[in-house]
Amino acid sequence: MSLFIDFHVVHSVPPANINRDEDGSPKTTTFGGTRRARVSSQAWKRAMRHDFTEHLDESELGIRTLRMVDQIAARIGALDPSGKDFAQERAAEVLTATGIKVEKVKPRKSDEDPKEYSRTGALLFLSNPQIDALAELAVTTEGKIEKKAAKDLLSRGNSIDLALFGRMIADAPDHNVDAAAQVAHAIGTHTVVPEFDYFTAVDDKQSADNAGAGMIGTVEFNTATLYRYATVNVARLQENLGNVEAVARGVEAFARSFITSMPTGKRNTFANKTLPSLVLATVRTDQPINLAAAFEDAVPPTGGLTRRSVNALLDEADRVYSAFDARPAASYAITTIDAVDLDEAIQTVSLDDLITSLGGEVRTRVGETL
């Protein structure tokens, strides 16, 4: 079964710095020979994972941390309060049995707990059901924990976020999970010019004869109309989750969070939270198609950038689909732009209707293949 859900979004952002580079500047890229605004895929996926907590149960989610031993130990303590003194040691043992290396680390001066603690060599992503299962194995096993039993627990019970975004463990590659979703770096549809906000802060208690500022600084920002793209490989999601209903819920959660979430960089400074002006979601049975080429020629700054960007995207979609006989099996659109010339095959829907429709597409199409 080949089944992909593509998401194409035109999203206008006012003055903002939602994703900074090492110098604190908004990230950019060169595309079509001109400088464009950019927001990294990692930043948007982080925002999506945070948004998942508003719509999915904890049992459908995972935790990514260096201190997974602490997570397992806490659940060991909850299962067996009498074993709290040995919970850390037992948690390290059961995690090591899976093939994942655990190391002892001396605390930093800034750490609240001055004790030595255990951590993994890299961030480890486990689902909450997998963490619970490892804790239960540690409690119910007398003596040494069998490696096979521990490894088997990480081969099942993937959470929705883990199944979508994947997991890579260099220590134990047999526990790797190939991501079912791909999120592109968002890019500006037009040339971007960096700007700087010069600001001052007044000392509320300064003396009457001092008219100066208590603080002076600058912050870099830009404004951008972004093209955002993501795709979900439904067949891979089915492999990772193994349950049609979980797959449908995964697609629904991904759709809602990709559309409505936003990275939070400098949000208190700029209050820049907006929603997209166009969402085009397509159900494909051949391959995913990124339509970034619509903006290789930067949208000119005259007139409305958002409307011009929406029209450029729809025109590119029509050209690509016609030239390659690649029209989607189904298409849905959310738009706030009046008089947009949508193809008659595209159904105009609300956000809730879009999520319901995509979930229905998955339940029907995946169910038919089982």
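Below is a summary of the structure that appears in this document.

Conventions adopted
Each chain has its residues counted from 1, running along the sequence as written. Note on the predicted model: pLDDT of at least 70 is required for a residue's local features to be given, and 80 or more for side-chain atom pairs to be given and counted; whole-chain, interface and lining totals, by contrast, use all residues. Where side-chain values are given, they derive from all heavy atoms of the structure, hydrogens and water being excluded. With a 1.4 Å probe rolled over the protein chains alone, any residue whose accessible area is under 20% of its type maximum counts as buried; one over 50% counts as exposed, and the rest are partly exposed. Counting from the N terminus, the helices are the DSSP runs of H or I reaching at least four residues and the strands are the DSSP runs of E reaching at least two. Should DSSP find at least two bridges between two strands, the strands are regarded as paired. Grid points spaced at 1 Å and placed over the protein atoms alone form the basis of the search, with a cavity being a set where a 1.4 Å probe fits but cannot get out and a pocket an open set showing protein on both sides within 12 Å along at least five of seven lines. Lining residues have an atom within 4 Å of a point. Grid points are joined across faces, edges and corners, and a volume is the space filled by probe spheres set on the points. Basically, the charged four are Asp, Glu, Lys and Arg, the nonpolar ten are Ala, Val, Leu, Ile, Met, Phe, Trp, Tyr, Cys and Pro, and anything else, Gly included, counts as polar. Polar contact is the term for a pair of N or O atoms within 3.5 Å; when the atoms are in protein, one must be able to donate a hydrogen and the other to accept it, and sequence-neighboring residues count only if both atoms are side-chain atoms. Here, residues are in contact when the closest pair of their heavy atoms is within 4.5 Å. Salt bridges are counted wherever a side-chain nitrogen of Lys or Arg sits within 4 Å of a carboxyl oxygen of Asp or Glu. Axes here mean lines fitted to C-alpha atoms, for a helix over just the part in contact, with angles spanning 0 to 180 degrees between N-to-C directions. Orientation categories follow fixed angle ranges, with anything under 35 degrees roughly parallel, anything over 145 roughly antiparallel, 65 to 115 roughly perpendicular, and all other angles oblique. Rotating anticlockwise by less than a right angle from the far helix to the near helix defines a left-handed crossing, while the corresponding clockwise rotation defines a right-handed one.

**Thoughts on the pairing of strand β12 (residues 278-284)**
Taken residue by residue, a regular strand's side chains alternate between the two faces of the sheet. Counting buried positions along β12 gives 7 out of 7 residues, so the element sits mostly inside the fold. Here β12 shows no split at all, with L278, L280, T282 and R284 on one side and V279, A281 and V283 on the other all buried. Looking at chain direction, strand β1 (residues 4-16) and β12 are connected through 7 bridges and run antiparallel. In the strand pairing of β12, D6 is matched with T282. Here β12 pairs with strand β13 (residues 330-335) via 6 bridges, running antiparallel. Directly across from L280, in β13, lies its bridge partner A333.

**Remarks on empty space enclosed by the protein**
Gaps between atoms show up when a probe of the same size as a water molecule is rolled over them. Tallying each qualifying case throughout the model produces 2 cavities of 30 Å³ or more. The calculated volume of the largest cavity comes to roughly 110 Å³. Lining the largest cavity are 14 residues, and of these I18, A37, R38, V39 and N222 lie nearest its centre. Listing elements by their share of the lining of the largest cavity, those giving two or more residues are β1, β3 (34-39) and β11 (215-233). Residues belonging to the lining of the largest cavity are distributed by class as follows: 9 nonpolar, 3 polar and 2 charged. Taken as a whole, the second largest cavity spans an internal volume of roughly 30 Å³. Around the second largest cavity, the lining residues are P26, T28, R35, V192, P194, E220, F221 and N222. Ranked by residue count, the leading element in the lining of the second largest cavity is β11, at 3 residues.

**Let's talk about the side chain of R284**
As for its placement among the helices and strands, R284 is situated in strand β12. Assessed through its relative accessible area of 1%, R284 is described here as buried. Reaching out from R284, the side chain makes a polar contact with the backbone oxygen of Q287 at a distance of 2.8 Å. Those residues in contact with R284, other than ones at most four positions away along the chain, are S2, L3, F4, D6, I289, Y321, A326, R327 and P328.

**What about the pattern of salt bridges?**
Side chains bearing opposite charge may pair, as long as their charged atoms lie close to each other. Tallied over the entire structure, the rule returns 16 salt bridges. For K148, the salt bridge identified is with D152, shortest N-O distance 3.0 Å. Note that K148 and D152 are positioned in helix α5 (residues 147-153) at a spacing of 4 residues, about one turn of the helix. What makes K148 exposed here is its relative accessible area of 60%. Because the salt bridges share partners, they merge into one network encompassing D178, R236 and E239.

**Some words on the environment of L154**
Within the fold, L154 resides in the loop between α5 and α6 (160-165). On a C-alpha basis, the gap between L154 and R327 in space is 39 Å, while along the polypeptide they are 173 residues apart.

**Brief notes about the packing of helix α2 (residues 68-79) against helix α3 (residues 87-97)**
In the contact formed by α2 and α3, the axes pass within 8 Å of each other and the chain directions differ by 120°. Compared by their axis directions, α2 and α3 come out oblique. With respect to the hand of their crossing, α2 and α3 are arranged in right-handed fashion. Across the interface between the two elements, M68, V69, D70, I72, A73, I76 and G77 from α2 touch A87, Q88, R90, A91, A92, V94 and L95 from α3. For the contact of α2 with α3, the residue count by class is 10 nonpolar, 2 polar and 2 charged.

**Some remarks on the side chain of N128**
Turning to its location among the elements, N128 is positioned in helix α4 (residues 128-140). Overall, N128 belongs to the buried group, its relative accessible area being 5%. With residues near it in sequence (within four places) discarded, N128 still touches E58, L61, G62, I63 and R75.

Limitation: the analysis is restricted to geometry and does not speak to function.
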